[in-house]
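Chain residues, written in single-letter form:
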Amino acid sequence: MANSLDINGIKAIIPHRHPFLLLDKVEDYEPGQYCVAYKNFTFDEWFFKGHFPEQPIVPGVLTVEALAQAGAVAILSQDDFKGKIAVFAGIDNCKFKRQIVPGDQVRLETRITQVRGPVGVGEAEATVDGKTAVKCTLKFAILV
């Protein structure tokens, strides 16, 4: 059975808040292992005013941030890291395969593959309609 979270459940785990909270719901997660979340991009997102007004596209770095937030749900839901903050330590092999535009629902999946002390690695993929939009390896550090 899936462990799902609504917006309040997400906010209870990660410290991000509007306008930088980039997860709308978590479909499933296992502490320390993985998180599958969703973001619904609407035309009135704050960044579309300048990126780009005539042809709005979600900035790639925000998609990577959304994947990191999914990973943060997975890692910060562990008892050892509850109440902490996870920050980027690196981004490797990042590939942007398709644009994300207003109206897209993005599936964000991050699987934690390694943790050594307060540092870890996750494999992440954002998809729209089953097609890869972004794929990368995320490295993180837990602030203690």
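Summary of the structure given here. Given the structure is predicted, the values throughout are model-derived calculations rather than measurements.

1. Points about the overall build of the protein chain
Along the backbone of the protein chain there are two helices and six strands. Sequence-ordered secondary structure for the protein chain, helices as α and strands as β, is α-β-β-α-β-β-β-β. The C-alpha radius of gyration of the protein chain comes to 14 Å, within 12% of the 15 Å expected for a compact globule of 144 residues. Principal-axis analysis of the C-alpha atoms gives the protein chain an extent of 45 × 30 × 30 Å. The proportion of buried residues among the 144 residues of the protein chain is 47%. Intrachain contacts of the protein chain at a sequence separation of at least 6 include 60% that bridge at least 24 residues. When the accessible area of the protein chain is evaluated, it comes to approximately 7,800 Å², of which 51% is carbon and sulfur surface.

2. Concerning the sheet that holds strand β1 (residues 25-30)
The antiparallel open sheet is built from six strands, whose spatial order is β1-β2-β4-β5-β6-β3. In this open sheet, the two edge strands, each paired with only one partner strand, are β1 and β3 (85-96). Going across the sheet, the axis of each strand differs from the next one's by a mean of 20 degrees, ignoring polarity. For strand β5 (residues 119-128) and strand β6 (residues 131-143), the ladder comprises 10 bridges, and the chain directions are antiparallel. Along β6, the bridge assignment pairs Glu 125 with Lys 135. Running over the sheet, helix α2 (residues 60-76) touches β1, β2 (34-40), β3, β4 (105-116), β5 and β6 and is turned about 55 degrees from β4.

3. Things to note about the pattern of salt bridges
For the coordinates displayed, the defined rule picks out seven salt bridges. Residue Lys 39 is joined to Asp 24 by a salt bridge in which the shortest nitrogen-to-oxygen separation is 3.9 Å. Within this pair, whereas Lys 39 is found in strand β2, its partner Asp 24 is found in the loop between α1 (7-13) and β1, the two being separated by 15 residues in sequence. The partly exposed category is assigned to Asp 24, whose relative accessible area is 28%.

4. Topic: the nonpolar core
Counting 40 residues, the largest nonpolar core has Ile 14 and Val 73 as the members making the most contacts within it. For this core, the secondary structure elements donating two or more residues are α1, β1, β2, α2, β4, β5 and β6. A per-element tally of this core places α2 first, with 11 residues. For Ile 14, the contacting residues outside a window of four places in its chain are Leu 21, Leu 23, Gln 69, Ala 72, Val 73 and Leu 76.

5. Topic: the environment of Gly 90
Examined against the element boundaries, Gly 90 turns out to sit in strand β3. Between the alpha carbons of Gly 90 and Ala 141 there is a distance of 9.3 Å; along the sequence they are 51 residues apart. Not counting chain neighbours up to four residues away, the residues in contact with Gly 90 comprise Thr 137, Leu 138 and Lys 139.

6. Overview of the pairing of β1
Alignment of β1 against β2, held across five bridges, turns out to be antiparallel. Following the sheet pairing, Val 26 is matched in β2 by Ala 37. The antiparallel hairpin formed by β1 and β2 contains three residues in its connecting segment, where Gly 32 sits at a positive phi of about 80 degrees.

Rules behind the numbers
Residues numbered from 1 in each chain as written. Predicted model: local features only at pLDDT ≥ 70, side-chain atom pairs only at ≥ 80, totals over all residues. Heavy atoms only, no water. Helix = DSSP H or I, 4+ residues; strand = E, 2+ residues; numbered from the N terminus. Rg over C-alpha atoms; globule rule 2.2 N^0.38 Å. Buried < 20%, exposed > 50% of the residue type's maximum accessible area, 1.4 Å probe, protein only. Contact = heavy atoms within 4.5 Å. Areas by Shrake-Rupley, 256 points an atom, 1.4 Å probe, with all protein chains shown as cover. Pairing = 2+ DSSP bridges. Axes fitted to C-alpha atoms, helices over the stretch in contact; angles between N-to-C directions. Salt bridge = Lys/Arg side-chain N within 4 Å of Asp/Glu carboxyl O. Core = buried A, V, L, I, M, F, W, Y, C linked by side-chain atoms within 4.5 Å.

By themselves, these figures tell us nothing about what the structure is for.
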